[in-house]
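# A structural walkthrough
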Amino acid sequence: MKLVVNTLLGTGMQAIAEAVALGEKAGLERHRLLGVLSETAVVAPAHLGKLQRAMNGDYSPQFPLRLMNKDFGLIFYLAAAVGARMPATEAAFEVNARQSEQGQEQDFSAVILQMEKQAHLGAEKLG
């Protein structure tokens with residue numbers, strides 16, 4: 001059950017990170033964007049605090065990327081064992097792994113930073 005829940009947690013954070021990067025790239029102000037997303041019905045309660053912390057640029061680890069990546073590995077092992085395809089989870093893992101390569105211990109919500117980087121948003125947009 002933990003792996004099933006963490007599948008939603010990790011892929012949900014990836015979806016949020018993509019939405020944030022899209023909104024910023026379209027010209028929305030980051031702080032307002034994160035605030036509005038925090039008030040939508042589609043953001044899971046587990047992600048609300050992550051958005052609040054992202055507003056402050058706080059990606060200190062509560063659930064470290066490395067542990068999310070470990071769980072992604074276990075999820076893929078389970079998926080292979082039962083014959084389940086996991087394309088969205090594979091995409092989320094790829095972004096998690098890329099952010100992990102930055103070398104610092106960060107929360108799994110730091111995938112927001114990775115998606116902003118991939119969207120070529122300047123440092124002035126990230127504060």
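For the structure given in this document, a descriptive report is provided here. (Residues numbered from 1 in each chain as written. Predicted model: local features only at pLDDT ≥ 70, side-chain atom pairs only at ≥ 80, totals over all residues. Heavy atoms only, no water.)

Mapped onto the secondary structure, Arg-30 falls in helix 2 (residues 30–38). Judged by relative accessible area, which is 5%, Arg-30 ranks as buried. On a C-alpha basis, the gap between Arg-30 and Thr-40 in space is 16 Å, while along the polypeptide they are ten residues apart. (Helix = DSSP H or I, 4+ residues; strand = E, 2+ residues; numbered from the N terminus. Buried < 20%, exposed > 50% of the residue type's maximum accessible area, 1.4 Å probe, protein only.)

Our focus in this paragraph is the packing of aromatic side chains. Aromatic ring pairs are defined here through the distance separating the ring centres and the angle between the ring planes. Counting across every chain of the model gives four aromatic pairs. Here Phe-72 and Phe-76 contribute two aromatic rings whose centre-to-centre distance is 6.3 Å and whose plane-to-plane angle is 15 degrees, an arrangement assigned as stacked. With Phe-72 and Phe-76 both in helix 4 (residues 65–82), this residue pair falls four residues apart, about one helical turn. Phe-76 gets classed as partly exposed once you look at its relative accessible area, which sits at 22%. In textbook terms, an aromatic cluster arises when at least three aromatic residues are bridged by ring pairs, as seen for Phe-72, Phe-76 and Phe-93. (Phe/Tyr/Trp six-rings, centres within 6.5 Å; stacked < 30°, edge-to-face > 60°.)

This paragraph deals with helix 3 (residues 45–55). Where helix 3 is concerned, the buried positions are His-47, Lys-50, Leu-51, Arg-53, Ala-54 and Met-55. Taken together, the buried residues of helix 3 touch helix 1 (2–25), helix 2 and helix 6 (111–118). Positioned one or two residues after helix 3, Gly-57 has a phi angle of 70 degrees, which is positive. (Contact = heavy atoms within 4.5 Å.)

This part covers unusual backbone geometry. The residue His-120 is not glycine, and still its phi comes out positive at about 60 degrees. You can see His-120 is positioned in the segment after helix 6. On the basis of relative accessible area, His-120 is assigned to the exposed category, the value being 66%.

To continue, consider the packing of helix 2 against helix 3. Two quantities define a packed helix pair, namely the angle between the helix axes and the distance between the axes. Here helix 2 crosses helix 3 at 165 degrees, and the two axes come no closer than 9 Å. It follows from the interaxial angle that helix 2 and helix 3 lie roughly antiparallel. Note that helix 2 runs across helix 3; the crossing there is left-handed. For the pair helix 2 and helix 3, contact is made by Arg-30, His-31, Leu-34, Gly-35, Leu-37 and Ser-38 and by Leu-48, Leu-51, Gln-52, Ala-54 and Met-55, respectively. (Axes fitted to C-alpha atoms, helices over the stretch in contact; angles between N-to-C directions. Parallel < 35°, antiparallel > 145°, perpendicular 65-115°, else oblique. Left-handed = near helix turned anticlockwise from the far one by under 90°.)

This part covers helix 6. Listed as buried for helix 6 are Val-111, Ile-112, Gln-114, Met-115 and Glu-116. His-120 sits one or two residues past helix 6 and shows a positive phi near 60 degrees.

Counted according to the given criterion, the structure contains eight salt bridges. With a closest N to O distance of 2.9 Å, Lys-50 and Asp-107 form a salt bridge. With Lys-50 in helix 3 and Asp-107 in the loop between helix 5 (87–100) and helix 6, this residue pair connects regions lying 57 residues apart in the sequence. (Salt bridge = Lys/Arg side-chain N within 4 Å of Asp/Glu carboxyl O.)

On the secondary structure map, Glu-116 appears in helix 6. Look at Glu-116 and you get buried, because its relative accessible area is 0%. Through-space distance from the C-alpha of Glu-116 to that of Glu-24 is 8.1 Å; in sequence the pair is 92 residues apart. One polar contact links Glu-116 to Arg-30, side chain to side chain, over a distance of 2.7 Å. (Polar contact = N/O pair within 3.5 Å; in protein donor to acceptor, adjacent residues only side chain to side chain.)

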